[in-house]
Amino acid sequence: MLETVFHTTVMEYLPPNPETLESLEPKEPRSPEEPRVRLHLLVVDSDAAVRSACAEIATSLGYAVQSTSDLSQARSLLRGHAADILLINLPYGSHQFLELVSEVKVLHPATAVIAMTASSSVNAAVEAMRRGAADYLTKPFAVDELSAVLERAASTVTVDTESRQLRERLRLSQGLGSMIGRSAEMEKLYRILSKVAQSTHPVLVLGESGTGKELVARTIHAYGPNAYKPFLPVDCGSLVPTLIESELFGYVKGAFTGAVRSKDGLFVTAEGGTVFLDEIGELTLDLQAKLLRALQEKEVRPVGATHRVPIKARIVAATNRDLAAMVEKGSFRKDLFYRLNVVNLRLPPLRDRREDIPLLTAHFLDRISKGKPRKYTLSDEALRTMMRHDWPGNIRELENCIERACALSTGPVLELGDLPTQLQQQGLEAHRAAKSIDGAPAERSAEVIPLAELERQAILGAIRRLDGDKLKAAMQLGIGKTTLYRKLKEYGITDPLLEE
């Protein structure tokens with residue numbers, strides 16, 4: 001009876017001579033909803049007719065199909081080439097087929113398993129789901145049921161594959177050329193980012209100033225489903241409320257002085273792309289209410305208009321403020337906060353991922369050196385000092401520090417003296433502390449000598465010991481010649497040999 005009903009449903013797909021093991025070449029797809037990539041399907045069923053029908057239907061949908069009735073043969077095929085989707089029948093009372101489901105999920109976790117059961121063995125399907133199966137079909141089933149289940153599995157496999165590939169690209173190629181880091185915090189961010197990018201949900205990016213929130217937003221857009229659509233950033237903290245409203249929602253001709261023609265807002269202009277709302281915490285409560293309505297209703301009303309315009313833009317918002325605390329104080333709407341906080345990404349400050357500083361530094365040096373005859377490098381002492389610094393300005397401060405050092409350095413090697421004064425003082429202090437630990441402590445004195453004075457004494461003492469040779473003095477001090485001359489100018493000294 002089971003075979004009769006199933007055969008009646010899919011009779012037009014049956015091959016004339018079903019074999020024990022078929023390897024069917026993909027045919028031209030018949031469905032407009034075919035998978036975007038050719039996925040491999042393995043059908044395991046002892047019923048040759050059902051097995052062949054499933055294989056023929058899947059082939060018509062664009063899958064590369066193999067099928068077998070033998071468990072040993074199935075294991076061999078899975079070892080040789082992991083299937084993207086496994087469609088397996090679970091006969092009543094047989095545990096060997098369930099064991100194959102467990103083995104597949106252990107050896108190939110990315111393989112989507114679909115269980116087929118008779119109505120009397122639904123418990124086997126439940127057990128298969130417990131062991132990792134993604135879906136199940138109850139025999140007899142129609143062609144549309146099989147197509148729908150395969151489509152769901154294909155969608156899951158495709159998204160998971162793209163997520164893994166994106167995560168790997170982010171890790172190895174360092175994002176879009178700007179997201180740098182292999183610390184545990186960044187690896188965690190990459191894992192979340194690879195999943196977030198495949199969706200269209202609103203994203204809230206949190207982090208201190210200078211941590212790279214806009215770079216994260218651009219990465220989400222670039223690796224998302226609508227990467228070919230516009231990415232439109234707007235700084236909510238740099239514009240007055242009336243300008244932000246017209247920027248986001250647009251305006252009609254005559255809405256205000258100077259509105260000589262109508263203009264679409266960013267939400268409409270994005271046309272399915274991404275609108276990045278930087279410093280979202282700076283919006284006034286009035287604008288927060290209008291933004292909330294736009295997100296809920298998927299439409300905006302341009303300034304001065306009586307009609308509404310539908311929107312499709314994805315929203316990515318960012319702030320360095322504590323929005324949860326602002327909600328408690330009443331300065332940020334709770335309903336808007338939860339609307340934006342569908343997915344939350346918190347960027348770690350640079351001080352919490354110091355192991356990424358050498359990678360970031362090398363990236364900035366390579367970029368500055370590009371197209372120049374001089375290739376900049378960093379001395380060991382300078383790098384050690386940079387690793388100890390807390391970087392309150394995060395990556396932006398580090399980038400500015402490197403650019404300043406390259407601008408002031410007289411040689412290709414950036415020394416401690418080429419770094420900002422604060423880092424120089426930290427380096428000198430660490431050097432003295434190291435000498436004290438090594439058994440050569442500085443003489444105790446009731447008077448504490450300022451770091452700037454110690455630096456002055458070191459520079460003048462070196463010049464005197466070298467009989468006025470400033471170039472050698474700069475080399476021995478580990479600073480650039482330009483830095484030495486600048487320091488002497490700051491001290492007001494023209495001839496260090498005459499200075500008492």
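Residues numbered from 1 in each chain as written. Predicted model: local features only at pLDDT ≥ 70, side-chain atom pairs only at ≥ 80, totals over all residues. Heavy atoms only, no water.

## What to know about the overall build of the protein chain
Summing up its helical and strand segments, the protein chain has 20 helices and 17 strands in all. Summed over all atoms, the accessible surface of the protein chain reaches about 26000 Å², with 52% contributed by carbon and sulfur. (Helix = DSSP H or I, 4+ residues; strand = E, 2+ residues; numbered from the N terminus. Areas by Shrake-Rupley, 256 points an atom, 1.4 Å probe, with all protein chains shown as cover.)

## A look at the environment of Arg-404
Relative to the assigned elements, Arg-404 resides in helix H16 (residues 394-408). Once residues lying within four places of it in the same chain are set aside, the contact partners of Arg-404 are Asp-418, Leu-419, Pro-420 and Arg-486. Within the structure, Arg-404 has its side chain in polar contact with the backbone oxygen of Leu-419 (distance 3.3 Å). (Contact = heavy atoms within 4.5 Å. Polar contact = N/O pair within 3.5 Å; in protein donor to acceptor, adjacent residues only side chain to side chain.)

## Brief notes about the sheet that holds strand E15 (residues 343-346)
Hydrogen bonds between backbone groups are what pair the strands of a sheet, and the pairing can be parallel or antiparallel. The five strands lie next to each other as E8-E11-E14-E7-E15, forming an open sheet whose pairing is parallel. Whereas interior strands pair on both sides, the edge strands pair on one side only; in this sheet they are strand E8 (231-235) and E15. Across the sheet, the mean angle separating the axes of adjacent strands is 20° when strand polarity is ignored. Pairing of E8 with strand E11 (residues 274-278), which is carried by five bridges, proceeds in the parallel orientation. When the sheet's bridge partners are listed, Asp-235 is paired in E11 with Asp-278. (Pairing = 2+ DSSP bridges. Axes fitted to C-alpha atoms, helices over the stretch in contact; angles between N-to-C directions.)

## What to know about the nonpolar core
Core analysis: the biggest nonpolar cluster contains 33 residues, and Phe-267, Leu-277, Ile-280 and Phe-332 have the highest contact counts within it. It is helix H11 (residues 285-297) that provides the largest number of residues to this core, a total of five residues. The contacts of Phe-332, once residues within four sequence positions are left out, are Ile-280, Gly-281, Leu-285, Gln-288, Leu-323, Met-326, Val-327, Phe-337 and Leu-340. Among the nonpolar cores identified, the runner-up in size contains 25 residues, and Leu-39, Leu-41, Ile-85 and Leu-150 belong to it. (Core = buried A, V, L, I, M, F, W, Y, C linked by side-chain atoms within 4.5 Å. Buried < 20%, exposed > 50% of the residue type's maximum accessible area, 1.4 Å probe, protein only.)

## Quick notes on the confidence of the model for the protein chain
For the protein chain, mean pLDDT is 80; residues scoring 70 or higher make up 84% of the total. Note on residues 171-177: pLDDT under 50 across the span, and 17 contacts to partners over four residues away in sequence or across chains. pLDDT under 50 marks residues 440-446. Its contacts with residues more than four places away, or in other chains, come to four contacts. (pLDDT = per-residue confidence, 0-100.)

## Notes on helix H5 (residues 122-130)
Listed as buried for H5 are Ala-124, Ala-125 and Ala-128. For H5, the arc enclosing every buried residue in end-on projection is 100°, short of the 170-degree limit, so these residues lie on one face. The exposed residues of H5 that point more than 90 degrees off its buried face are Asn-123, Val-126 and Arg-130. Turning to H5, the residues buried within the fold contact helix H4 (96-107), strand E5 (112-118) and strand E6 (135-139). Gly-132 sits one or two positions beyond H5 and adopts a positive phi of about 120°. (Arc of directions from axis to C-beta.)

## Looking at the pattern of salt bridges
Pairing of side chains with opposite charge becomes possible as their charged atoms draw close. Inspection of every chain in the model, using the stated rule, returns 20 salt bridges. Two residues, Arg-152 and Asp-135, come together in a salt bridge whose shortest N-O distance is 2.7 Å. Of this pair, Arg-152 sits in helix H6 (residues 143-172) while Asp-135 sits in strand E6; the two residues are 17 residues apart in sequence, bridging distant segments of the chain. Salt-bridge contacts for Arg-388 lead to Glu-381; the nearest nitrogen and oxygen are separated by 4.0 Å. Through salt bridges that share partners, Glu-99, Glu-127, Arg-130 and Arg-131 make up one connected network. (Salt bridge = Lys/Arg side-chain N within 4 Å of Asp/Glu carboxyl O.)

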